[in-house]
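Residue-level listing of the chains:
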Amino acid sequence: MATTFRDTTRTPASGAPTTIAAMTTLFVDVPGGRLHVVDEGSGPAIVLLHAGIAVLEQWDGMAPLLVRAGYRVVRYDTRAFGGSTTDDVPFSNRADLIAVLDSLGIGRAALVGNSRGGQIAFDTAIEYPDRIVAVIGVGAGLSGFDGPATAAELALFDEGDALESADPIDADAVADFDVRVWVDGHGRPGGQGPAWIRDAVRAWDRPQYLPGVVGGEPIPLRPAADARLADLGCPVLAIAGGLDFSEVVATARHLEEAAPVARALIWDDVAHMIGMEQPERLAATILEFVEPLATWS
């Protein structure tokens, strides 16, 4: 059973374009770990799940827009990211998400997940269908699905694999690579994304590759989500950037075709970190998507 500790307030990451009010920080104890959680606002709950190159601060520009619209917005760092910790133990990201909901007294929530956070959101909606009212995937992954890749993209994957398998790992080189491919977007005219996003993601990503980092052992959903899309019964919105990898765009379109109630949106002018690049546009799209749903709690 999760134990919740209330701590201090915190402020947004430096450089975020939107100023947000102070937020209550919570620490939720889960088996073999401790999760750093931010809870603000009131109303139906929306949980924001960060990417694998980021932490909960990636949503600093968008969270207040959802709060002002009348929603309770919850964010947390997954194990070994940001302020969250884990022992070297097997764990379920889905169970951790449900533990956060339980600790806050939230029965059901809509999930918004970027990249790896999107994969966690889809997996959780399949494993715990009674707790999730909708999923918005933002440049999201889908467990068990491998989309197409161009020759240039395959070369980038090989470059990234080589950097991550080096012994020792060069944390600066990996972080620079991740910024180049995920923030800049390999198809972006001019080559680079906004400087403040590049700096923030580099600072969040680099610690994952430092010596001695304990990441635990995430337990995958079995069978994977792609083989169980018939069980993904809640409404789904899959948003992808046209400057992102082909597989990300293909994932959004695949969800639209294969999930029972799903729609895809492809925004040609953004890359992977959509909520940082265009928080107002993404917030408006999320609000339009969830507004027709009956109020949940």
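### Topic: the packing of aromatic side chains
Part 1 of the argument: This structure, assessed with the given rule, holds three aromatic pairs.
Part 2 of the argument: An aromatic cluster is present here, built from Phe 157, Trp 182 and Phe 245 joined pairwise through their rings.
Part 3 of the argument: For Arg 281, the ring lying beneath its charged end belongs to Trp 267, and the centroid distance is 3.9 Å.

### Remarks on the confidence of the model for the protein
Part 1 of the argument: The predicted model of the protein has a mean per-residue pLDDT of 92, with 92% of residues at 70 or higher.
Part 2 of the argument: The model gives residues 7–22 a pLDDT under 50, and that stretch makes 32 contacts with residues more than four places away or in other chains.

### Focus: helix α3 (residues 116–127)
Part 1 of the argument: In this model α3 runs 17 Å from its N-terminal to its C-terminal C-alpha over twelve residues, within 8% of the 16 Å that 1.5 Å per residue would give.
Part 2 of the argument: Most of α3 sits inside the fold, with nine of its twelve residues counted as buried.
Part 3 of the argument: Listed in full, the buried residues belonging to α3 are Gly 117, Gly 118, Ile 120, Ala 121, Phe 122, Asp 123, Thr 124, Ala 125 and Ile 126.
Part 4 of the argument: On its buried side, α3 packs onto β4 (45–49), α2 (93–103), β8 (109–114), β9 (132–138), β11 (236–241) and α7 (246–258).

### Regarding the environment of Ile 266
Part 1 of the argument: Following the sequence through the fold, Ile 266 ends up in strand β12 (residues 262–267).
Part 2 of the argument: Look at Ile 266 and you get partly exposed, because its relative accessible area is 27%.
Part 3 of the argument: Taking the C-alpha atoms as reference points, Ile 266 and Asp 176, separated by 90 residues in sequence, lie 26 Å from one another.

### Looking at the side chain of Asp 184
Part 1 of the argument: Tracing the backbone through its elements, the reader meets Asp 184 in helix α5 (residues 171–185).
Part 2 of the argument: Accessibility expressed as a relative area gives 3% for Asp 184, which makes it buried.
Part 3 of the argument: Of note is the side chain of Asp 184, whose polar atom sits 2.9 Å from the backbone nitrogen of Gly 193.

### Observations concerning α2
Part 1 of the argument: Within α2, eight of the eleven residues are buried, which leaves it mostly tucked inside the rest of the structure.
Part 2 of the argument: When α2 is considered as a whole, its buried residues turn out to be Asn 93, Arg 94, Asp 96, Leu 97, Ile 98, Ala 99, Val 100 and Leu 101.
Part 3 of the argument: The residue sitting at the N-terminus of α2 and contributing the capping side-chain oxygen is Ser 92; that oxygen lies 3.2 Å from the backbone nitrogen of Arg 94.
Part 4 of the argument: Where α2 ends, the next residue or the one after it, Gly 105, has phi of about 70 degrees, a positive value.

### Focus on unusual backbone geometry
Part 1 of the argument: Cis peptide bonds are those with omega within 30 degrees of zero, and the linkage from Asp 167 to Pro 168 qualifies with 5 degrees.
Part 2 of the argument: With respect to the element layout, Pro 168 can be found in the loop between α4 (151–165) and α5.
Part 3 of the argument: The phi dihedral of Ala 80 falls on the positive side, at around 75 degrees, and the residue is not glycine.
Part 4 of the argument: Considering the arrangement of structural elements, one finds Ala 80 in the loop between β5 (72–76) and β6 (85–86).
Part 5 of the argument: Even without being glycine, Ser 115 reaches a positive phi, approximately 60 degrees.
Part 6 of the argument: Structurally, Ser 115 is set in the loop between β8 and α3.
Part 7 of the argument: By relative accessible area, which is 17% here, Ser 115 ends up buried.

### Comments concerning the packing of α5 against helix α6 (residues 195–205)
Part 1 of the argument: Interhelical geometry of α5 versus α6 gives an angle of 135 degrees and a closest axis separation of 9 Å. Our classification of the angle between α5 and α6 gives oblique. Handedness of the α5/α6 crossing: right-handed. Contact residues: Val 174, Ala 175, Asp 176, Asp 178, Val 179, Val 183 and Asp 184 in α5; Ile 197, Arg 198, Val 201, Arg 202 and Asp 205 in α6.

Scoring rules and cut-offs
- Residues numbered from 1 in each chain as written.
- Predicted model: local features only at pLDDT ≥ 70, side-chain atom pairs only at ≥ 80, totals over all residues.
- Heavy atoms only, no water.
- Phe/Tyr/Trp six-rings, centres within 6.5 Å; stacked < 30°, edge-to-face > 60°.
- Lys NZ or Arg CZ within 6 Å of the ring centre and 35° of its normal.
- pLDDT = per-residue confidence, 0-100.
- Contact = heavy atoms within 4.5 Å.
- Helix = DSSP H or I, 4+ residues; strand = E, 2+ residues; numbered from the N terminus.
- Expected span 1.5 Å × (residues − 1).
- Buried < 20%, exposed > 50% of the residue type's maximum accessible area, 1.4 Å probe, protein only.
- Polar contact = N/O pair within 3.5 Å; in protein donor to acceptor, adjacent residues only side chain to side chain.
- Axes fitted to C-alpha atoms, helices over the stretch in contact; angles between N-to-C directions.
- Parallel < 35°, antiparallel > 145°, perpendicular 65-115°, else oblique.
- Left-handed = near helix turned anticlockwise from the far one by under 90°.

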